[in-house]
Amino acid sequence: MPAPETATRSVAVVTLGCTRNDVDSEELAGRLKAGGWTLVEDAAEADVAVVNTCGFVEQAKKDSIDSLIEASSLKETGRTQKVVAVGCLAERYGQTLADELPEADAVLGFDSYADMSTHLRTILDGGTVASHVPSDRRKLLPLSPATRQSASAEVALPGHAAPRARLDSGPWAPLKIASGCDRRCAFCAIPMFRGSFVSRRPTDVIEEARWLATQGVRELFLVSENSTSYGKDLGDLALMDALLPELAGIDGIERVRVSYLQPAEVRPGLLDAMVAIPEVMPWFDLSFQHASAPLLRRMRRFGGTESFLGLIEDVRRRSPLAGIRSNVIVGFPGETEAEVDELAEFLIAARLDVVGVFGYSDEDGTEGELLPEKVAPQAIAERVERITDLIEELTAQRAEDRIGESVRVLVEEIDEETGDVVGRAEHQGPDVDGTTRVVGVDAAIGETVLATVVGTEGIDLVADSA
């Protein structure tokens, strides 16, 4: 017999993928909490497990499917009753995913988020909810950015509107400033399932930032698919320059960090604005993807070794100790050994703090999928290994260059064994950019401590507060 409507239902939101997904999960959690659901951390303790999937690259898809299967296995205990797939993989494949993965009791797209509480109650009570039917979300909004804002009210934009419920108690939090992307990179399917670029209005961003500050957040991590495009659909490409001081001035906010800058769109005015505000971290997330100009053109991107090194010089002239991170792809169709050599030479000259390395894989519906001159999988694996080994050496050297620097570390955890505090210096982004361990200091999570770098462990730093 179905439980009465007044019965307490519990739900766990399991998040995979990027920090943009973290925001979407907290929006879902906020909607479900408002709908009367009890939020629990452990899927094994929930009536329903909602898995917010990632659909970016092949490995992320596999990880998402594995997580759905793992969550489904919890049904054997009798506590977890239903498993629902949401997020990018669900949006991208919808009914196809549902047909191939019977472990998921429903596969729901972004348009279902507003009614998620109702959908979950229906599923938990034994009913069915139709699986999402994918479409190209770029077609949901006008081609011209200037006319999108009025039309966007009718389109689901996860992370833009609903009140969030924090699923993490740490001192930093992602804050979405925009969704979607207007670029047509030949290797990337994101615009098809995330849609065209839409900025959040500054008033909405600031309101959410103030709420995050009341939740103990000390660092705002601004996220989007392309932060350098912020404001273009609001008629002001310099809107970020005005937004940053507003966010930095919020009571309780000590740090603001801007992620995902497109190198071809970085304006001198944006660099000036970022370095002029003490609360804006000297950290530049520049999406280079490669260094060979001809290969970048085949990727439908812009730039190359010379322009990228010029941009890095511009950053370091303004902020000599800035952290600079990037990602690169090897094995794109037509890539030659000479172009891999050029990438390696660029990385040696660039002296970046962190670099993510991805081996190219065909993505459904992208231009790259149809290109000739595919690089053999074994060759891609060898190139990934070569560039990864080089980067590990270079970034370790870059970390060693920081010995003797004074750093301000936002404390994120306390090592139970040593009592040391562990956090991030100003040049370190969250999750994947390394940490700084500070010895000889007593501090609480969320506090900022001053220290001097005395050693390194790979890209991680060791600092002394004395």
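Our subject in this report is the structure included herewith. In this text, all values refer to a predicted model and were calculated from it rather than measured experimentally.

About the criteria used
Residues numbered from 1 in each chain as written. Predicted model: local features only at pLDDT ≥ 70, side-chain atom pairs only at ≥ 80, totals over all residues. Heavy atoms only, no water. Helix = DSSP H or I, 4+ residues; strand = E, 2+ residues; numbered from the N terminus. Rg over C-alpha atoms; globule rule 2.2 N^0.38 Å. Buried < 20%, exposed > 50% of the residue type's maximum accessible area, 1.4 Å probe, protein only. Contact = heavy atoms within 4.5 Å. Areas by Shrake-Rupley, 256 points an atom, 1.4 Å probe, with all protein chains shown as cover. Lys, Arg positive; Asp, Glu negative; His and termini not counted. Charge placed at Lys NZ, Arg CZ, Asp CG, Glu CD. 1 Å grid on protein atoms, 1.4 Å probe; cavity = no way out; pocket = protein on both sides within 12 Å on 5 of 7 lines; lining within 4 Å. Points joined across faces, edges and corners; volume = space filled by probe spheres on them. Nonpolar A, V, L, I, M, F, W, Y, C, P; charged D, E, K, R; others polar. Salt bridge = Lys/Arg side-chain N within 4 Å of Asp/Glu carboxyl O. Pairing = 2+ DSSP bridges. Axes fitted to C-alpha atoms, helices over the stretch in contact; angles between N-to-C directions. Expected span 1.5 Å × (residues − 1). Arc of directions from axis to C-beta. Polar contact = N/O pair within 3.5 Å; in protein donor to acceptor, adjacent residues only side chain to side chain. Core = buried A, V, L, I, M, F, W, Y, C linked by side-chain atoms within 4.5 Å. Phe/Tyr/Trp six-rings, centres within 6.5 Å; stacked < 30°, edge-to-face > 60°.

A word on the overall build of the chain. Of the regular secondary structure elements, the chain holds 14 helices and 18 strands. For a compact globule of 466 residues, the expected C-alpha radius of gyration is about 23 Å, and the chain comes in at 23 Å, within 12% of that figure. In terms of overall dimensions, the chain has C-alpha extents of about 65 × 60 × 45 Å along its principal axes. Across the 466 residues in the chain, those meeting the buried criterion constitute 54%. Of the contacts made within the chain by residues no fewer than 6 positions apart, 75% connect residues no fewer than 24 positions apart. A total accessible area of about 19400 Å² is found for the chain, and carbon and sulfur atoms account for 51% of it. Mean positive and mean negative side-chain charge positions of the chain (46 and 79 charges, respectively) differ by 6 Å.

Looking now at empty space enclosed by the protein. Over the atoms, a rolled probe matching the size of one water molecule traces out where space is still vacant. Evaluated as defined, the whole model comprises four cavities of 30 Å³ or more. As a volume, the largest cavity reaches approximately 80 Å³. Forming the walls of the largest cavity are Asp353, Val354, Thr395, Ala399, Arg402, His427, Gln428, Asp433, Ile459 and Leu461. Residue classes in the lining of the largest cavity are distributed as four nonpolar, three polar and three charged.

Turning next to the pattern of salt bridges. By the definition in use, this model includes 39 salt bridges. Residue Glu219 is joined to Arg424 by a salt bridge in which the shortest nitrogen-to-oxygen separation is 3.1 Å. A residue pair is termed long-range when its members are at least 10 positions apart, and Glu219 in strand S9 (residues 219-223) and Arg424 in strand S15 (residues 421-424) qualify at 205 residues. Here Glu219 and Arg424 have matching classes, each one buried. Connected through salt bridges with shared partners, the residues Glu219, Arg255, Arg257, Glu412 and Arg424 form a single ionic network.

A word on the sheet that holds strand S3 (residues 48-53). As summarised here, the arrangement of the five strands in space is S2-S1-S3-S4-S5, forming an open sheet in which the pairing is parallel. Among the strands making up the open sheet, the edge pair consists of strand S2 (37-39) and strand S5 (106-107). By the bridge criterion, two bridges tie strand S4 (residues 82-86) to S5 in an arrangement that is parallel. Pairing of Val84 across the sheet is with Ala106, part of S5. Along the sheet face, helix H1 (residues 19-34) touches strand S1 (9-15), S2, S3 and S4 and points at about 175 degrees away from the line of S1. Across the face of the sheet, helix H4 (residues 116-124) comes into contact with S1, S2, S3, S4 and S5 while running at roughly 145 degrees to S4.

With that out of the way, let us pick up helix H11 (residues 305-318). With 14 residues, H11 extends 20 Å from end C-alpha to end C-alpha; this agrees with the ideal 20 Å at 1.5 Å per step. Of all the positions in H11, only Phe308, Leu311, Ile312, Val315 and Arg316 are classed as buried. Buried residues along H11 cover an arc of 130 degrees about the axis, so they all sit on one side. H11 presents Glu306, Glu313 and Arg317 as exposed residues on the side facing more than 90 degrees away from its buried surface. On the buried face of H11, the contacting elements are helix H9 (268-276), strand S11 (283-285), helix H10 (293-298), strand S12 (323-330), helix H12 (337-350) and helix H14 (377-401).

Before going further, it helps to spend a moment on the side chain of Ser196. The topology assignment puts Ser196 in the loop between helix H6 (190-194) and strand S8 (198-199). Here Ser196 falls in the buried class, since its relative accessible area comes to 5%. A distance of 3.4 Å separates the side chain of Ser196 from the backbone oxygen of Arg138, its partner in a polar contact. Ser196 has contacts with Arg137, Arg138, Leu141, Arg148, Ser179, Gly180, Cys181 and Asp182, leaving out every residue within four places of it along the chain.

With that settled, the discussion passes to the side chain of Arg194. Inspection of the secondary structure puts Arg194 in helix H6. Within the local environment of Arg194, its side chain forms a polar contact with the side chain of Asp24, the two groups lying 2.8 Å apart. Sequence-distant contacts of Arg194, defined by excluding residues within four places in its chain, comprise Asn21, Asp24, Cys88, Phe110, Arg137, Pro158, Lys176, Gly180 and Glu225.

With that settled, the discussion passes to the nonpolar core. Membership of the largest hydrophobic core comes to 88 residues, with the highest contact counts inside it found for Leu222 and Leu247. With sequence-adjacent residues up to four places away left out, Leu247 is seen in contact with Leu175, Val205, Ile206, Ala209, Leu220, Leu222, Ile253 and Val256. Core analysis: the next-biggest nonpolar cluster, separate from the first, contains 18 residues, Ala46, Ala90, Ala98 and Ala104 among them.

Turning our eyes to something else, we now look at the packing of aromatic side chains. Overall, the coordinates contain seven aromatic pairs when judged by the stated rule. Measuring from ring centre to ring centre gives 5.7 Å for Trp172 and Phe221, while their planes differ by 90 degrees; the resulting arrangement is edge-to-face. Remark: Phe221 occurs in strand S9 and Trp172 occurs in strand S6 (residues 172-176); sequence separation between them is 49 residues. Judged by its relative accessible area of 13%, Trp172 falls in the buried class. In this structure Phe221 comes out as buried when scored by relative accessible area, which is 7%. Aromatic pair Phe332 and Tyr360: ring centres 5.3 Å apart, planes at 80 degrees, arrangement edge-to-face. One end of the pair, Phe332, is in the loop between S12 and H12; the other, Tyr360, is in the loop between strand S13 (354-359) and helix H13 (367-370), and 28 residues separate them in sequence. What links up through ring pairs into an aromatic cluster is the set Trp172, Phe221 and Trp283.

So, to be careful, I would describe these as geometric facts and stop short of saying anything about function.
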